[in-house]
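# Observations on the model geometry
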Amino acid sequence: MLREVLRSIFKKPATSSFPFEDHVPENHRGKIKWIPEKCIYCRLCERSCPTGACKFIPPKKAGEKGTIEIDIGKCVFCYECVLACPKDALEGTLDYKLAYISKSEKADEKLRKKN
Amino acid sequence: MNYLNLAFVGIAAFLFVWIERKILASSQYRVGPPILQPVYDLLKLLEKETIRNFFASPMLPFVPFVGLSALLVVAAGLPFAGIPASIDIVTTIFLLLLVSVAYPIAGFLSFSPYGYISARRAAIQILSYELPLTLSIISAAIFHQTLSFNNLSGFSFYLLPAMAVFYVCALAAMHKKPFDVPNAVEELVAGSETEFSGIPLAGFKLIEWIEGVILAELFFLLFIGIPDAITHIVSVTVIFSSFAIVEAVTPRLRIDHVTDFFIKYMVPLSIAGVVIACCVRF
Amino acid sequence: MTFVKKSPWIFHLNTGSCNGCDIEAVACVTPGFDIERLGAKLVGSPRHADIILVTGPVNKHSLERIKTVVEQAPKGKVIVGIGACTISGGLFKDSYNTDPPLGKHMPVTMYIPGCPPKPEAIIAGLAKALEALK
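Here's what I pulled together on the structure shown here. (Residues numbered from 1 in each chain as written. Chains lettered and ligands numbered in written order. Predicted model: local features only at pLDDT ≥ 70, side-chain atom pairs only at ≥ 80, totals over all residues. Heavy atoms only, no water.)

### Focus on the pattern of salt bridges
Should the charged atoms of two oppositely charged side chains come close, the side chains can pair. Note the following rule: One speaks of a salt bridge when a side-chain nitrogen belonging to Lys or Arg is within 4 Å of a carboxyl oxygen belonging to Asp or Glu. Labels follow the DSSP assignment, with helices taken as runs of H or I lasting at least four residues and strands as runs of E lasting at least two, numbered in each case from the N terminus. Residue exposure (1.4 Å probe, protein chains only): buried if accessible area is under 20% of the type maximum, exposed if over 50%, otherwise partly exposed.
This model, assessed by the stated rule, comprises 17 salt bridges over all chains. With a shortest N-O distance of 2.9 Å, Arg112(A) and Asp71(A) are connected by a salt bridge. One end of the pair, Arg112(A), is in helix 4 (residues 105-113); the other, Asp71(A), is in the loop between strand 3 (67-70) and helix 3 (80-84), with 41 residues separating them in the sequence. For Arg112(A), a relative accessible area of 6% puts it in the buried group. Between Asp99(C) and Lys104(C) there is a salt bridge, with its nearest N and O atoms 3.1 Å apart. We classify Asp99(C) as buried; its relative accessible area is 18%. A relative accessible area of 53% means that Lys104(C) is categorised as exposed. Through salt bridges with shared partners, one network takes in Arg21(B), Arg30(B), Asp41(B), Asp34(C) and Glu36(C).

### Section: the interface of chain A and chain B
What counts, and what does not: We call two residues in contact whenever any of their non-hydrogen atoms come within 4.5 Å of each other. Two parts placed together each lose some accessible area under a 1.4 Å probe, and adding up what both lose gives the buried area. Polar contacts, as used here, are pairs of N or O atoms within 3.5 Å; protein pairs need one atom able to donate a hydrogen and one able to accept it. Residues neighboring in sequence count only if both atoms are side-chain atoms. Residue classes follow a fixed rule: Ala, Val, Leu, Ile, Met, Phe, Trp, Tyr, Cys and Pro count as nonpolar, while Asp, Glu, Lys and Arg count as charged, and any other residue, Gly among them, counts as polar.
On the chain B side, the residues contacting the twelve residues of chain A number eight residues. Taken over both partners, the interface formed by chain A and chain B buries close to 890 Å², and the fraction arising from carbon and sulfur atoms is 69%. The tally of links between chain A and chain B comes to zero salt bridges. Counting every contact that joins chain A to chain B gives zero residue pairs in polar contact (both at pLDDT 80 or more). Partitioning the side of chain A that touches chain B into residue classes produces seven nonpolar, two polar and three charged.

### Some words on the side chain of Thr86(C)
All names here are of chain C. Turning to its location among the elements, threonine 86 is positioned in helix 3 (residues 84-88). We classify threonine 86 as buried; its relative accessible area is 0%. One polar contact links the side chain of threonine 86 to the main-chain carbonyl oxygen of glycine 83, over a distance of 3.0 Å. Apart from the residues lying within four places of it in its own chain, the contact partners of threonine 86 are Val54, Thr55, Gly56, Gly81, Pro101, Leu102 and Tyr111.

### Brief notes about the environment of Gly90(C)
Positionally, Gly90(C) belongs in the loop between helix 3 and strand 5 (110-112). Under the relative-accessibility criterion, Gly90(C) is labelled buried at 4%. Considering only alpha carbons, one finds Gly90(C) and Pro57(C), 33 residues apart in sequence, at a separation of 7.7 Å. Among all residues touching Gly90(C), those that are not within four sequence positions of it are Thr51(A), Ala84(C) and Cys85(C).

As structure tokens, this is what we get:
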């Protein structure tokens, strides 16, 4: 083991250069994006969500369409909603840097539900 | 009062701990911390508050400074680059014992089960390694026929058993692997230092760092003894790096294995070292 | 000028999680994502800690102990909740013995969503929390 240690002092370290470079694999499951133009409001995504993160907000006035909100605090990134959507209106992105500073309960919720 | 040696020990304490962390990191295929990291650690600890524990003794925050002052007295007394020593071998042995005793005292005084277990194990370790350490220093003193650090005559093959014993006992005195038990007792709850924070914790970290330099310097002075300043600095660095490489390679021994090892192997070897030194000189 | 940004010491606390977030948090000190080059270190006692990383939906049985442990850290600490369980209970939100979110019981500085978040996400989040610490 001494030989291994002495040899490793002269080899390159195995550390990834994370804060300076980003290596994300292509099929990484990041934040889910909703595309309003393709959505037909069937609410299949809301039914398939195991934690209740995906919610349909009904329109306030007549003639408007509602919105689909995904709360990233409740989301477990299982991508069931992406698989369930018949029109591909939900799309997975590679965004994983989702940390936020907590201010108050309401402000945090609004921040988490932003598309 | 050797200001040069104090300055050397002060600067070397921060540099050597960086060298140790870099060697450990590169043996694990990692990049280690930047070079000023020990300085940042110390300055950050000085900013934190000292939490007063209601159940522990009120003398608790002062315990590490007793050990630290003993170390600084030794550091100010050792010779360096032509300035003669103002401390002798016997006083050094006693002051080093005082430094080691700071860990069990801190563990017993803090009202915490982790501190208590760590203090008992540290006390057992002190009982195991003090006898061989003292005997190896005494055999060096008999060989060089002097009790002061001035004019020590240098390397000799008759001193090899004493060198080996001193090296292993120095690892035990600094709580480095393989004799790591008091320091990382449940490997996650910090042993004797559990109830410390802020400036007393900085005191403990300084004891750890400076003790490494002092023991490497003692090894150099007693067994290699070339009085030149550059050789002094380079040799002390090489000796400390070898401590770090041994630390990277060995696992931690259990406390009963530690006592076993010292009593079965180190005590006879150190007695053999004394006998050889006596036979050579008388 | 505070030196906590240069040498944050991290204490890791599990309040009953499934251990996914724990594995990702401890993966930060492995050779792949070495945070020691940024000065951070995983430390054993809460009294030595500057940042407390909490994982798991808050288990009702261990709530008192969690509060005691967090109180033992010295002033100026940053509490970071990792994973969807600390924010809203995640998959365990309707369970009979969890009490999410973490912010109900102690002042949390930052949350890192994800199930579990990648180690890179944890490191980026910690850097952001230290900026806000000042």
